[in-house]
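# Observations on the three-dimensional arrangement
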Amino acid sequence: LVWLLVLSLAWLGPALGGEEEDGEVVAEEDDTLSDELGEEDGVLVLHEHNFARALSEHRLLLVEFYAPWCGHCQRLAPAFAQAAAALRNESSLARLGKVDATAQVALANEFGITSYPTLKLFRDGNRTHPLAYTGRMDTEGIVRWMQRRASPSATLLQDTDTAAAFVGSQDTVVVGFFKDLGSEAAEVFYEVAGEVVDVPFGVAEAAELFQAYGLSADTICLFKKFDEGRTDFPVDPAQGLDAAKLTRLLRVHSLELVMEFTNETSDQIFSAKIPHHMLLFLNKSSSAQLALRDGFRAAAGTFRGEVLFVVVDVTGYGADVLPFFGLTPADAPTLRLVKMENNRKYQMDQDAFSDTAIRTFIQAVLDGKVKPRLLSAEPPEDWDTRPVKVLVGKTFEQVAFDETKNVFVKFYAPWCSHCQAMAAAWEKLGERYKDHEDIVIAELDATANELENITINGFPTLHYFPAGPGRKMVEYKSARDVETFSKFLENGGTLPEEPPAVSHVPPRQGQGPPPT
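Residues numbered from 1 in each chain as written. Predicted model: local features only at pLDDT ≥ 70, side-chain atom pairs only at ≥ 80, totals over all residues. Heavy atoms only, no water.

Let's shift gears to the sheet that holds strand E9 (residues 155-156). If you trace the 5 strands from one edge of the open sheet to the other, you get E9-E11-E10-E12-E13, paired in mixed fashion. Edge strands, defined here as strands with exactly one partner in the open sheet, are E9 and strand E13 (230-234). Pairing of strand E10 (residues 172-177) with strand E11 (residues 201-204) involves 4 bridges; the strand directions are parallel. Among the inter-strand pairings, Gly176 is bridged to a residue of E11, identified as Val203. Across the face of the sheet, helix H6 (residues 160-167) comes into contact with E9, E10, E11 and strand E12 (219-224) while running at roughly 145 degrees to E10. (Pairing = 2+ DSSP bridges. Helix = DSSP H or I, 4+ residues; strand = E, 2+ residues; numbered from the N terminus. Contact = heavy atoms within 4.5 Å. Axes fitted to C-alpha atoms, helices over the stretch in contact; angles between N-to-C directions.)

Attention shifts here to the sheet that holds strand E17 (residues 334-339). Taken together, the 5 strands give an open sheet; going across it, the order is E14-E16-E15-E17-E18, and neighbouring strands pair in mixed fashion. Edge positions in the sheet fall to strand E14 (258-260) and strand E18 (344-346), since each has one partner strand and no second. Ignoring strand direction, the axes of neighbouring strands in this sheet form an average angle of 25 degrees. Here 6 bridges tie strand E15 (residues 276-282) to E17, and the two strands are oriented antiparallel to one another. By the bridge assignment for E17, His276 is matched with Lys339. Strand contacts of helix H12 (residues 293-300): E14, E15, strand E16 (307-313) and E17, with the helix running at about 165 degrees to E16, the strand carrying the most contacts.

For side chains bearing opposite charge, pairing can occur when the charged atoms are close. Within the structure shown, the criterion is met by 27 salt bridges. In this structure, Glu39 engages Arg88 in a salt bridge whose closest nitrogen and oxygen atoms are separated by 3.1 Å. With Glu39 in strand E2 (residues 38-40) and Arg88 in helix H3 (residues 71-89), this residue pair connects regions lying 49 residues apart in the sequence. Under the relative-accessibility criterion, Glu39 is labelled partly exposed at 38%. In this structure Arg88 comes out as partly exposed when scored by relative accessible area, which is 41%. Among the salt bridges present, the one from Arg297 reaches Asp227, with a minimum N-O distance of 2.8 Å. Placement of Arg297 in helix H12 and of Asp227 in the loop between E12 and E13 is noted, with a sequence separation of 70 residues between them. Using a relative accessible area of 38% as the deciding quantity, one classes Arg297 as partly exposed. Residue Asp227 is classed as partly exposed on the basis of its relative accessible area, which comes to 30%. (Salt bridge = Lys/Arg side-chain N within 4 Å of Asp/Glu carboxyl O. Buried < 20%, exposed > 50% of the residue type's maximum accessible area, 1.4 Å probe, protein only.)

Here a ring pair, both rings aromatic, is described through the centre-centre distance and the interplanar angle of the planes. Under the definition given, this model contains 29 aromatic pairs. Considering the side-chain rings of Phe408 and Tyr476, the 5.6 Å spacing of their centres and the 70 degrees angle between planes classify their relative orientation as edge-to-face. Of this pair, Phe408 sits in strand E20 (residues 406-412) while Tyr476 sits in strand E23 (residues 472-476); the two residues are 68 residues apart in sequence, bridging distant segments of the chain. Residue Tyr476 is classed as buried on the basis of its relative accessible area, which comes to 6%. An aromatic cluster is defined as three or more aromatic residues linked by ring pairs; in this entry it consists of Phe408, Trp426, Tyr464, Tyr476, Phe485 and Phe488. The residue whose ring lies beneath Lys179 is Phe210, and the NZ or CZ to ring-centre distance is 5.1 Å. Of note, Arg471 hangs over the ring of Phe401, and the distance from its end group to the ring centre comes to 4.0 Å. (Phe/Tyr/Trp six-rings, centres within 6.5 Å; stacked < 30°, edge-to-face > 60°. Lys NZ or Arg CZ within 6 Å of the ring centre and 35° of its normal.)

What follows covers the packing of H3 against helix H5 (residues 139-150). Where H3 contacts H5, the two axes come as close as 8 Å, and the packing angle between them is 40 degrees. With respect to their mutual orientation, H3 and H5 come out oblique. The way H3 lies across H5 gives a crossing that is right-handed. Contacts between H3 and H5 involve Leu76, Ala79, Phe80, Gln82, Ala83, Ala86 and Leu87 from the first element and Thr139, Ile142, Val143, Met146 and Gln147 from the second. Grouping the constituent residues of the contact of H3 with H5 by class yields 9 nonpolar, 3 polar and no charged. (Parallel < 35°, antiparallel > 145°, perpendicular 65-115°, else oblique. Left-handed = near helix turned anticlockwise from the far one by under 90°. Nonpolar A, V, L, I, M, F, W, Y, C, P; charged D, E, K, R; others polar.)

Honestly, that's just the spatial picture; any functional story needs more than this.
Structure, rendered in structure tokens:
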């Protein structure tokens, strides 16, 4: 279930996201608190009265600002505690702490906390410029990120023996060769090494190492025990190194040309931030289907950095993701291309697995010549007789943009705790307006249905579609209770205290433009 939630952040349609936004916080501070540093599961419990002491006693302090009711915070808690224990067991200078931001309002305001969980690193007692946490939200990711900041970000390689040992120590390692380790380019390299914590970084300036690795100028070398074995990124003498560009190149080329989707590779696949994923769904127990990987791999090199090629075993780890693509194991072998920006999924008219056919299809998608394949569930037989109308992809257009109706739609995910919490209020709203001729209360499962011109980025999302021409859509962002919903509807899709965010939804392809 945890991985299903993680995956839905990426291929599988809109998701919770990595944090939860906070509303207005009102809490009373306990003035009796002392500056003693208490702990829970090895994590320092911090508040307004002991925060300064914690900063003074711990040179590296990673603080989680959380809310007790936040589901993401609750899922992070075990990993955060395990990371705290791991760092203490290795006698690291780094410590972990936590602040209940709903109770410690002064601290939350001081550090601009508006969503949960938010992690910030405080170094050397500096309270004014904490560093935002950029690592993975799991035990290993937190430990590695903190270790990299507690020690030099790159190992100095002084001779050929230490360099050879370092290069062979992991599946992937990065070595920066610089004639001058005090140069601007070397400083950028150290900066990147501090951020890309899942790969060991080394640095060398000895002439014998330049010669041993066939280099004559400053170069970043990525060594790997797969694919081509080594990728070089020469430093431009005029432009130097760009940290963001180098980080992206290293992330892209640290991946195998064709990845298999497994528990171990999931983080790599999604953290690479490659804009498109090409997926080959196959049954690994079938030798005929396994042979299709050859053409798939042959096409991959053309699109490296733009499209990530991934093999998904429909009978193994990939089985759980099939419903998000509207697939079953019997559909294998088949191909899908996913645009990560909006989770649009593309399908060949008829699957063809040659490298030429795959390249042609991908290029057509990149050129905007292929329409996305939109998922739609089948509507229940009584979908339009219930107080809350049950919409699906194929019925959404006719209901939401009926010019004679004001339609209020809840876009939800069945597993979303926030959606479950407001379900009763939404049903009551449906009952209240079921006999109104011009008001429709509806809901749509956004994990099983996709819409051409509306992207749902979090759950629940509420949109109001007013009657009349123009295909208008108003996003509702106020309190989720029946009375506020009713006030919104009775005022024609607005509340006195805030102006609505109105947008126009373009018609589906083949329809004319909205009336002026």
